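Listed here are the chains, written in short residue letters.
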Amino acid sequence: MLSILALDVSATATGWAMGLPGDKPISGVERFSREGGTADEAYVRAVVWLNRILYVHGPAIVAMEAPILSSGGGFTNPHTADLLQGIIHVLRFAVKAKMPGAAQLIAASTARKTFTGKGSYSKGEAKDAVQAEVLRRGWLDLETMQNDRADALCLWGHMAAQQLPELEYRRSLKTQPPAAQEA
């Protein structure tokens, strides 16, 4: 099994999840941008953080949620969009500089389809579905739940299922006892 680092990058907070397929992943949230700080300072914090993760934990695979670039994709203004793109680019550069391969960009809908069994949702439903699945798997509880962290766990779950297909949502539900399916 190859260890996985999954990143849900945003301009304000980056969720991350890491571990080996079949194990319970560890996860958290990092904030690279600071109020009153510059974009360049955020880029430096992002690269320093990722280099430390790559050095200490040595994941074999780094996956990032592909950004939504169309209008209506959640960007509030050009500065926020620029900051997000910049953080994504410097993280991709750091991966390529330190690892033999490149970071994999995965569409959120692709990760959700593997993780929740459904790729597209009505507006406002996707986050709830992902969080419900994270709770069902016992990876977070209500006190530790955060949007970016849950999204990173969703992406991690998708990447883990690439190595262990039994981790894919539909298959994992079929292999659980009926009581676990109803919870």
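Residues numbered from 1 in each chain as written. Predicted model: local features only at pLDDT ≥ 70, side-chain atom pairs only at ≥ 80, totals over all residues. Heavy atoms only, no water.

A separate point is the environment of serine 27. Residue position: serine 27 is located in strand 3 (residues 26-30). For serine 27, a relative accessible area of 12% translates into the label buried. Separated by 121 residues in sequence, serine 27 and aspartate 148 have C-alpha atoms that sit 10.0 Å apart. In this structure serine 27 touches Trp16, Ala17, Leu140, Arg149 and Leu153, once residues within four positions along its chain are discounted. One polar contact links serine 27 to arginine 149, side chain to side chain, over a distance of 2.7 Å. (Helix = DSSP H or I, 4+ residues; strand = E, 2+ residues; numbered from the N terminus. Buried < 20%, exposed > 50% of the residue type's maximum accessible area, 1.4 Å probe, protein only. Contact = heavy atoms within 4.5 Å. Polar contact = N/O pair within 3.5 Å; in protein donor to acceptor, adjacent residues only side chain to side chain.)

For the rest of this paragraph, the subject is the packing of aromatic side chains. Evaluation of the coordinates by the stated rule reveals four aromatic pairs. With a centroid separation of 5.7 Å and an interplanar angle of 55 degrees, the aromatic rings of phenylalanine 32 and tryptophan 49 are classed as tilted. Of the two residues, phenylalanine 32 is situated in the loop between strand 3 and helix 1 (39-57) and tryptophan 49 in helix 1; the sequence distance between them amounts to 17 residues. Across the pair, exposure class does not vary: phenylalanine 32 and tryptophan 49 are buried alike. (Phe/Tyr/Trp six-rings, centres within 6.5 Å; stacked < 30°, edge-to-face > 60°.)

The subject of this paragraph is the pairing of strand 2 (residues 14-19). The two faces of a sheet get side chains in turn, since along a regular strand they alternate between them. By the criterion of burial, strand 2 is predominantly enclosed, with six of the six residues buried. Residues Thr14, Trp16 and Met18 line one face of strand 2 and the alternating positions Gly15, Ala17 and Gly19 line the opposite face, and both faces are buried. Hairpin connection between strand 1 (residues 4-8) and strand 2: a loop of five residues separates the two successive antiparallel strands. For strand 2 and strand 3, the ladder comprises five bridges, and the chain directions are antiparallel. Each bridged residue has a counterpart across the sheet, and for glycine 15 the counterpart in strand 3 is valine 29. The antiparallel hairpin formed by strand 2 and strand 3 contains six residues in its connecting segment, where glycine 22 sits at a positive phi of about 95 degrees. (Pairing = 2+ DSSP bridges.)

Here helix 5 (residues 147-163) is 17 residues long and its end C-alpha atoms lie 25 Å apart, about the 24 Å a rise of 1.5 Å per residue gives. Burial analysis of helix 5 places 14 of its 17 residues in the buried class, the great majority of the element. (Expected span 1.5 Å × (residues − 1).)

This part takes up the side chain of aspartate 148. Inspection of the secondary structure assignment puts aspartate 148 in helix 5. Despite its burial, aspartate 148 pairs with no opposite charge; the closest candidate is lysine 127, at 5.4 Å N-O. Beyond its immediate chain neighbours, meaning those up to four positions away, aspartate 148 contacts Asp8, Ser10, Ala13, Thr14 and Gly15. (Lys, Arg positive; Asp, Glu negative; His and termini not counted. Salt bridge = Lys/Arg side-chain N within 4 Å of Asp/Glu carboxyl O.)

Let us look at the packing of helix 3 (residues 108-116) against helix 4 (residues 126-137). Two elements in contact, helix 3 and helix 4, have axes separated by 10 Å at closest approach and are oriented at 40 degrees. One finds that helix 3 runs oblique with respect to helix 4. Between helix 3 and helix 4 lies a crossing of left-handed hand. Residues Arg112, Phe115 and Thr116 of helix 3 lie in contact with helix 4, whose contacting residues are Ala126, Ala129, Val130, Glu133, Val134 and Arg137. Its residues placed into classes, the contact of helix 3 with helix 4 shows five nonpolar, one polar and three charged. (Axes fitted to C-alpha atoms, helices over the stretch in contact; angles between N-to-C directions. Parallel < 35°, antiparallel > 145°, perpendicular 65-115°, else oblique. Left-handed = near helix turned anticlockwise from the far one by under 90°. Nonpolar A, V, L, I, M, F, W, Y, C, P; charged D, E, K, R; others polar.)

We now examine the pattern of salt bridges. Using the criterion set out here, one finds three salt bridges in the structure. Taking the shortest distance from any N to any O, the salt bridge between aspartate 151 and lysine 127 comes out at 2.4 Å. Of this pair, aspartate 151 sits in helix 5 while lysine 127 sits in helix 4, and the two are 24 residues apart along the sequence. We classify aspartate 151 as buried; its relative accessible area is 11%. For the salt bridge of arginine 137 with glutamate 133, the shortest nitrogen-to-oxygen distance reads 2.6 Å. Of this pair, arginine 137 and glutamate 133 both sit in helix 4, four residues apart, roughly one helical turn.

Keep in mind that these numbers describe shape and distance, not what the molecule does.
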